[in-house]
Amino acid sequence: MTESLDVTDWAILAELQQDGRVAFTELARRVNLSASATKERVRRLEAAGVITGFRAEVDLERTGYAILAVVRLKYPGPGTRHEPLRRLIEERSEILECLRTTGDDCYVMKVATTSMAHLEEIVDALAQFGSTTTNLVLSRTQPFRGPREPGARTAGQGLPRTTWRARDDSVSADRTPSS
């Protein structure tokens, strides 16, 4: 179900996507509300499922995961027996994200590995479920940025450009909000 968000809600979301650790008092200053009203809005957005968590961005290369790839999987036959594949995806922490898609490829996965041999091991494990296509990521032209207010202008169209703190090869890890 779509939530009805006003301009202040979108401003809060933009600020939290830029810095999920911002204190409520600073967030309140940025969105022109009192700290208590801001905290209540954030709690309401969490309760409504609009905010689903807070994450820390982790540099993959600095943690030993120097290889980032996109692996596409064509799942043959009728699409009713996906549970074994889902178990493998859950068990393999190298598979950072998995999207079920339309078109020729049934699944698109973001995979981080420590070496090419490690990537080959993951691709071989996935290949038991169908044909795979693997693309190595050279760089991230646009890191994940989350949604913006519909109709909002982007950088270069009169609004200040948002500064994203994402590193070139980053991934998210859950954390709790600070107050």
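Overview of the structure. Because the structure is predicted, anything quoted here is derived from the model rather than measured. (Residues numbered from 1 in each chain as written. Predicted model: local features only at pLDDT ≥ 70, side-chain atom pairs only at ≥ 80, totals over all residues. Heavy atoms only, no water.)

Points about the pattern of salt bridges
Step number 1: Tallied over the entire structure, the rule returns 11 salt bridges.
Step number 2: Put simply, arginine 41 and aspartate 9 hold a salt bridge, and the shortest N to O gap is 2.9 Å. Of this pair, arginine 41 sits in helix α3 (residues 35–47) while aspartate 9 sits in helix α1 (residues 7–18), and the two are 32 residues apart along the sequence.
Step number 3: A salt bridge links arginine 30 to glutamate 26, with the shortest nitrogen-to-oxygen separation between them at 3.0 Å. Of this pair, arginine 30 and glutamate 26 are both found in helix α2 (residues 24–31), 4 residues apart, which corresponds to roughly one turn of the helix.
Step number 4: On the basis of relative accessibility, which here comes to 32%, the residue arginine 30 falls in the partly exposed class.
Step number 5: Since its relative accessible area comes to 24%, glutamate 26 is described here as partly exposed.
Step number 6: The network of salt bridges with shared partners includes Asp6, Asp9, Arg41 and Arg44. (Salt bridge = Lys/Arg side-chain N within 4 Å of Asp/Glu carboxyl O. Helix = DSSP H or I, 4+ residues; strand = E, 2+ residues; numbered from the N terminus. Buried < 20%, exposed > 50% of the residue type's maximum accessible area, 1.4 Å probe, protein only.)

Notes on the nonpolar core
Step number 1: If you look at the biggest cluster of nonpolar residues, it comprises 19 residues, and the most contacted ones within it are Leu85, Met109 and Leu126.
Step number 2: Every element with two or more residues in this core is listed here: β2 (67–74), α4 (83–91), β4 (107–113) and α5 (116–127).
Step number 3: For this core, the leading source of residues is α5, giving 5 residues.
Step number 4: Those residues within four positions of leucine 85 in sequence are excluded, and the remaining contacts are Leu73, Tyr75, Tyr107, Leu126 and Phe129.
Step number 5: Listed in part, the 12 residues of the second largest apolar core include Val22, Leu27, Ile51 and Phe54. (Core = buried A, V, L, I, M, F, W, Y, C linked by side-chain atoms within 4.5 Å. Contact = heavy atoms within 4.5 Å.)

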